[in-house]
Amino acid sequence: MPTVDDILEQVGEFGWFQKQVFLTLCLLSAAFAPIYVGIVFLAFTPDHRCLSPGVAELSRRCGWSLAEELNYTAPGPGAAGEASPHQCRRYEVDWNQSALSCADPLAGLAANRSHLPLGPCRHGWVYETPGSSIVTEFNLVCDDSWKVDLFQSCVNVGFFLGSLGVGYIADRFGRKLCLLATTLTSAVLGVLTAVAPDYTSLLLFRLLQGLVSKGSWTSGYILITEFMGLGHRRTVAILYQAAFTVGLVLLSGVAYAIPHWRWLQLAISLPTFLFLFYYWCVPESPRWLLSQKRNAQVMKIMGHIARKNGKLPLVDLKMLSLEEDVTEKLSPSFADLFRTPQLRKHTFILMYLWFTSSVLYQGLIMHVGATGANLYLDFLYSALVEFPAAFIILVTIDHCGLICPLALSNLVAGAACFAMIFISHDLHWLNITVACIGRMGITIVFQIVCLVNAELYPTFVRNLGVMVCSSLCDLGGIITPFLVFRLMEVWRGSPLILFAILGLVAGGVTLLLPETKGVTLPETIEDAENLGRIAKAKENTIYLQTQTAERAGT
């Protein structure tokens, strides 16, 4: 019985058709970057101070510079790295008094400024920025600063909830239908976010966008890997994730050019409507169609691939169309992920790895953003290190497999976080350098864990397995903003201690997973259970006809 990989060898494993589909879907991966980490620019917190009625007029009358105005009318600065009192507190003084002098307006009110009463910023804030963000528009500072954390957590809540439903839809109704539906919904919600009239509706649209946007990215990832032949599958999967890094780099440039958050949100949302052209550009996955026993459509798609790649139609396909299919198609079930001992172990370990990778990846971005000097450059530098991460994966996995690089990268990320605890804040360049090393390590983890996750589950439940396990990534994303910013209020290095522990433990448990290098992609639950037990590695193939687990065991 010929396999899909056998057929692809004849019609072209990476011909013109696969290259066109690959480049087309990479645009989808790049467009996901602003949704995942766009908070860095959409919700940046500029320097700010309390708005005190009368201060601006007094400053103009006295001819003060901004520094003099702050020195004369605002509470003094706090400790390094902490919010200054002038950001959240103001002197309870009537600045419209005509008796106030320009030399030292508070001298006549109290001998020592510390004796003057302080009060909250009742009249709002003045922000030192030429642009705008949701922070400046909705005043999400001081007592309401936690609402910025909630804004990012909402999209991760959406990722988490969507993982449970979108993965099932992709396996039950097809990758292509799932991709088109989620892409359209995400584009509409992105535009609605840009025109949200208040903070509550902003959270709602952000949550709903999270429900569908990750499903769109994952469906594209699965489609790419299932269209490719054996020799190119891993490479294109890694490059698809590297396209996400391209999105990060472009985001920093677009955000610099468009400093106003509503226009920025529109700029990153409107182009995603173009992905609806995928209806004509990208066919359904033949592997999924086979798992659903729709052989006629598989023949049609394979014939299309052959023509695109300049190959002749194959006899094997015609023979397949005449075969009687007496097996029943398999439907994915959440219970299948825990049905056998090995699958249970793999599922729990993958869940932890996804959780850890999310906490460290987002946590390092947020920590660098909170302690960095230049928002755009620091973001760009940390994004650029993801390119060598992809190169390292490409040159090592064929020789070392996946498990050893995955374990080592977790250890590197954890060690980098541990080292940052002891680096002085004044050595900003060293902090950024070590943070970039940690970012490179956790980026490698993120890219490899996708490959490992997809290769440890049988075909009919593969997309569901990726979505369910990666849902722990979303759970990590939900709590990471609160972990970073609230722990930093206790001590700047507190989040790094947690990151180090998570990364080092992840490096250890990774070694409990079986190596998938040169091993047959599992077709049934029995195949997945036997991973790592096969004495002789087989060629990495997936059978043309999917059998039920019960029949496979007989």
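About the criteria used
- Residues numbered from 1 in each chain as written.
- Predicted model: local features only at pLDDT ≥ 70, side-chain atom pairs only at ≥ 80, totals over all residues.
- Heavy atoms only, no water.
- Helix = DSSP H or I, 4+ residues; strand = E, 2+ residues; numbered from the N terminus.
- Buried < 20%, exposed > 50% of the residue type's maximum accessible area, 1.4 Å probe, protein only.
- Contact = heavy atoms within 4.5 Å.
- Areas by Shrake-Rupley, 256 points an atom, 1.4 Å probe, with all protein chains shown as cover.
- Expected span 1.5 Å × (residues − 1).
- Core = buried A, V, L, I, M, F, W, Y, C linked by side-chain atoms within 4.5 Å.
- Phe/Tyr/Trp six-rings, centres within 6.5 Å; stacked < 30°, edge-to-face > 60°.
- Disulfide = S-S within 2.5 Å.
- Axes fitted to C-alpha atoms, helices over the stretch in contact; angles between N-to-C directions.
- Parallel < 35°, antiparallel > 145°, perpendicular 65-115°, else oblique.
- Left-handed = near helix turned anticlockwise from the far one by under 90°.
- Nonpolar A, V, L, I, M, F, W, Y, C, P; charged D, E, K, R; others polar.
- Salt bridge = Lys/Arg side-chain N within 4 Å of Asp/Glu carboxyl O.
- pLDDT = per-residue confidence, 0-100.

Draft legend 1. Region of the structure containing the overall build of the protein chain. Looking only at helices and strands, the protein chain has 25 helices and 4 strands in total. Burial statistics for the protein chain: of 554 residues in total, 56% are counted as buried. For the protein chain, long-range pairs separated by at least 24 residues make up 82% of all intrachain contacts whose partners lie at least 6 apart in sequence. As presented, the protein chain carries roughly 22900 Å² of accessible surface, and 65% of it is formed by carbon and sulfur atoms.

Draft legend 2. Focus on helix α23 (residues 494-510). The terminal C-alpha atoms of α23 lie 25 Å apart, and with 17 residues this matches the ideal 24 Å at 1.5 Å per residue to within 8%. Of the residues making up α23, those classed as buried are S494, P495, L496, F499, A500, L502, G503, A506, G507 and T510.

Draft legend 3. Quick peek at the nonpolar core. Counting 137 residues, the largest nonpolar core has L25, Y36, I134 and V452 as the members making the most contacts within it. Residue contacts for V452: discarding those within four places in its chain leaves L350, L402, I403, L406 and L513. The next biggest cluster of nonpolar side chains, apart from the first, holds 10 residues, and it includes C62, W64, Y91 and L106.

Draft legend 4. Region of the structure containing the packing of aromatic side chains. Applying the stated criterion across every chain, the model contains 22 aromatic pairs. Their ring planes at 35° and their centres at 5.9 Å tell us that F32 and Y36 sit as a pair that is tilted. You can see F32 and its partner Y36 sitting in helix α2 (residues 16-37), 4 residues apart, about one turn around the helix. Relative to F159, the ring of Y36 has its centre 6.1 Å away and its plane inclined at 20°; by these criteria the two rings are stacked. Highlighted residues: Y36 in helix α2 and F159 in helix α8 (residues 146-173), separated in sequence by 123 residues.

Draft legend 5. Molecular detail of unusual backbone geometry. Phi is positive for N139, which is not a glycine, with a value near 55°. Taking relative accessible area as the criterion, N139 reaches 27% and is therefore assigned partly exposed. The phi dihedral of C142 is positive, around 55°, even though this residue is not glycine.

Draft legend 6. Summary view of the state of the cysteines. Within this structure, the stated rule accounts for 2 disulfides. Linked covalently through their sulfurs, C50 and C121 form a disulfide whose S-S length is 1.6 Å. Here the residue C50 occupies a position in strand β1 (residues 48-50), and C121 occupies one in the loop between β3 (118-120) and β4 (125-127), the gap between them amounting to 71 residues. Judged by relative accessible area, C50 falls into the buried class, the value being 9%. Sulfur-sulfur distance for the disulfide between C88 and C142 comes to 2.0 Å. Negative torsions about the S-S bond denote left-handed disulfides, and the value of about -95° found for C88 with C142 makes this one left-handed. Taken together, the positions of C88 in helix α6 (residues 85-88) and C142 in the loop between α7 (134-138) and α8 put the pair 54 residues apart, joining distant regions of the chain.

Draft legend 7. The arrangement of the environment of K517 in detail. Within the secondary structure layout, K517 lies in the loop between α23 and α24 (525-529). For the pair K517 and V452, spaced 65 residues apart in the sequence, the C-alpha separation amounts to 9.8 Å.

Draft legend 8. Structural view of the packing of helix α20 (residues 403-420) against α23. Two elements in contact, α20 and α23, have axes whose closest approach is 7 Å; the angle formed by their N-to-C orientations is 160°. One way to sum up the angle between α20 and α23 is to call them roughly antiparallel. Pair α20 / α23 crosses with left-handed handedness. Where α20 approaches α23, its residues I403, L406, A407, N410, L411, G414, A415, C417, F418 and M420 are matched on the opposing element by L496, F499, A500, G503, L504, A506, G507 and T510. Class assignment of the residues belonging to the contact of α20 with α23 gives a composition of 13 nonpolar, 5 polar and no charged.

Draft legend 9. Representation of the environment of L384 within the structure. The residue L384 is located in helix α18 (residues 375-384) in this model. Taking C-alpha positions, L384 is 9.0 Å from C436, a pair spaced 52 residues apart along the chain.

Draft legend 10. Looking closely at the environment of C469. Checked against the element boundaries, C469 lands in helix α22 (residues 462-490). A sequence separation of 115 residues divides C469 from W354, and the C-alpha atoms of the two residues are 6.9 Å apart. With sequence-adjacent residues up to four places away left out, C469 is seen in contact with T347, L350, M351, W354, N453 and Y457.

Draft legend 11. Summary view of the pattern of salt bridges. This structure, assessed with the given rule, holds 6 salt bridges. The partner of K214 in a salt bridge is D474, with the nearest N and O atoms 3.1 Å apart. With a gap of 260 residues between them, K214 in helix α10 (residues 199-227) and D474 in helix α22 connect regions that are remote in the sequence. The exposure class assigned to K214 is buried, which follows from its relative accessible area of 9%. Here E386 and R439 are joined by a salt bridge, their closest N and O atoms 2.8 Å apart. With a gap of 53 residues between them, E386 in helix α19 (residues 386-400) and R439 in helix α21 (residues 428-455) connect regions that are remote in the sequence. A relative accessible area of 2% places R439 in the buried class.

Draft legend 12. Examining the packing of α10 against helix α11 (residues 233-257) more closely. Direction vectors running N to C along α10 and α11 enclose 155°, while the axes themselves pass 9 Å from each other. One way to sum up the angle between α10 and α11 is to call them roughly antiparallel. Judged by the twist between their axes, the crossing of α10 over α11 is right-handed. Contact residues: α10 offers W217, G220, Y221, I224 and T225, while α11 offers R233, V236, A237, Y240 and Q241. Across the contact of α10 with α11, the residue classes tally to 6 nonpolar, 3 polar and 1 charged.

Draft legend 13. Seen up close, the confidence of the model for the protein chain. The predicted model of the protein chain has a mean per-residue pLDDT of 80, with 85% of residues at 70 or higher. Mean pLDDT across the elements of the protein chain ranges from a minimum in helix α25 (residues 549-552), with 38, to a maximum in helix α12 (residues 261-269), with 95. Taken as a whole, residues 78-83 scores under 50 in pLDDT and shows 4 contacts with residues more than four places along the chain or in a different chain. Low pLDDT, under 50, characterises residues 535-554; the predicted model gives this stretch 58 contacts beyond four residues in sequence or across chains.

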